[in-house]
Every structure is written in structure tokens, then in C-alpha cells.
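Commentary on secondary and tertiary structure
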Amino acid sequence: MKPVLPALACLLGLLSFPLLAAAQAPLKKADGVLVDAKGMTVYTFAKDSADSGKSACTGRCAENWPPVPATEAQPAAPYSTVTREDGSKQLAYKGKPLYTFVKDKKPGDKSGDKAMNAWHAVTD
């Protein structure tokens, strides 16, 4: 009967792994806004249409507002991915592509919020 206990413990560990992996979101909330793994504020762009699967921010725009790269093929809702013109994957939240801002220099900066009345820190 002794060999059953280690096997059972191993099986339970394997079964719980997907639950632990699914519980981790690609972003986290800090000081009321979503931030990336480095603690940098994440933004949406008013010219992006939710669930369009595209980003309206390309070229020079993307140089100033770098896309948040998608690290998973299928992130859990409310996250999704969009495919950029260059074929790279960008993380989206509630269907809207996500970006950081080059003028945010340290974690917690939100200098891009309400910029040009088109950029908004993600608050929910």
C-alpha cells in the first residue's frame, strides 16, 4: 500500500498544475491601474476598436507607445491577443490592444494617461 501514496501525491500535483497556471493573469493591478511585469502602466488607444483583432497604432505611434507583447497563445479572459502588421502578437484586454508609454520612466508613472485625449490607463 505504501507505493500508492507517492503516486497519489504526484497525481494530485499534476491535476492542480493547470489550476495554478490559469490563475495567473498576464498583467496585475497596482495603484488602481493595470501594469506589466515590470510595473509599467498599461494603456489603451481610443482609435482601436474592441474585438477587431487589429492595432491602429503602427509605425511612429508604436515607437512612442510600444505594444505589450503577448506571451501566451491563448491567454485567459478578459485577455486575448491581436496580430500586428509584422505578425507579432500583442496582448489585448477586453478586446482592446494594450501599450506602454516611452515617457513613463519608472514603475507607477502614468504620464500617458489622457494624452491627446486618446490614451487611457487601464483601470478595470
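These lines cover the structure that appears in this document, whether it is placed above or below. As the structure is a computational prediction, the values presented were derived from the model and not from experiment.

Moving on, we get to the environment of Thr100. Here Thr100 is to be found in the loop between strand E6 (96–97) and strand E7 (119–121). Each C-alpha atom of the pair Thr100 and Gly112 lies 8.4 Å from the other, and the pair is 12 residues apart in sequence. The residues contacting Thr100, other than those within four sequence positions of it, are Asp36, Met40, Thr41, Tyr43, Asn64, Trp65, Pro66 and Val68.

Before going further, it helps to examine the pairing of strand E5 (residues 89–93). Burial analysis of E5 places 4 of its 5 residues in the buried class, which makes it a mostly covered element. Direction of pairing for strand E4 (residues 79–83) relative to E5: antiparallel, over a ladder of 5 bridges. Following the sheet pairing, Tyr79 is matched in E5 by Tyr93. Two successive antiparallel strands, E4 and E5, enclose a turn made up of 5 residues, where Gly87 displays a positive phi of approximately 90°. Pairing between E5 and E6: 2 bridges, direction antiparallel.

What follows covers the environment of Ala46. Looking at where Ala46 falls in the secondary structure, it is placed in the loop between strand E3 (43–45) and helix H2 (60–64). When near neighbours in sequence (up to four residues on either side) are disregarded, Ala46 contacts Lys96 and Ala118.

Under the criterion given, the structure shown has 1 disulfide. The partner cysteine of Cys57 in its disulfide is Cys61, sulfur to sulfur 2.0 Å. The sign of the S-S torsion, about -110°, decides the handedness of the disulfide formed by Cys57 and Cys61: left-handed. Relative accessible area serves as the criterion here: at 0%, Cys57 is assigned to the buried category. On the basis of relative accessibility, which here comes to 23%, the residue Cys61 falls in the partly exposed class.

So, about unusual backbone geometry. A negative phi angle is the norm for most residues apart from glycine, just as the trans form is the norm for most peptide bonds. Cis peptide bonds are those with omega within 30 degrees of zero, and the linkage from Ala77 to Pro78 qualifies with 10°. The backbone of Lys94 sits at a positive phi, close to 50°, despite the residue not being glycine. For Lys94, a relative accessible area of 48% translates into the label partly exposed. Of note, Lys114 is a non-glycine position whose phi angle comes to about 70°, a positive value. You can see Lys114 is positioned in the loop between E6 and E7. Relative accessible area serves as the criterion here: at 59%, Lys114 is assigned to the exposed category.

The rules behind the values
Residues numbered from 1 in each chain as written. Predicted model: local features only at pLDDT ≥ 70, side-chain atom pairs only at ≥ 80, totals over all residues. Heavy atoms only, no water. Helix = DSSP H or I, 4+ residues; strand = E, 2+ residues; numbered from the N terminus. Contact = heavy atoms within 4.5 Å. Buried < 20%, exposed > 50% of the residue type's maximum accessible area, 1.4 Å probe, protein only. Pairing = 2+ DSSP bridges. Disulfide = S-S within 2.5 Å.

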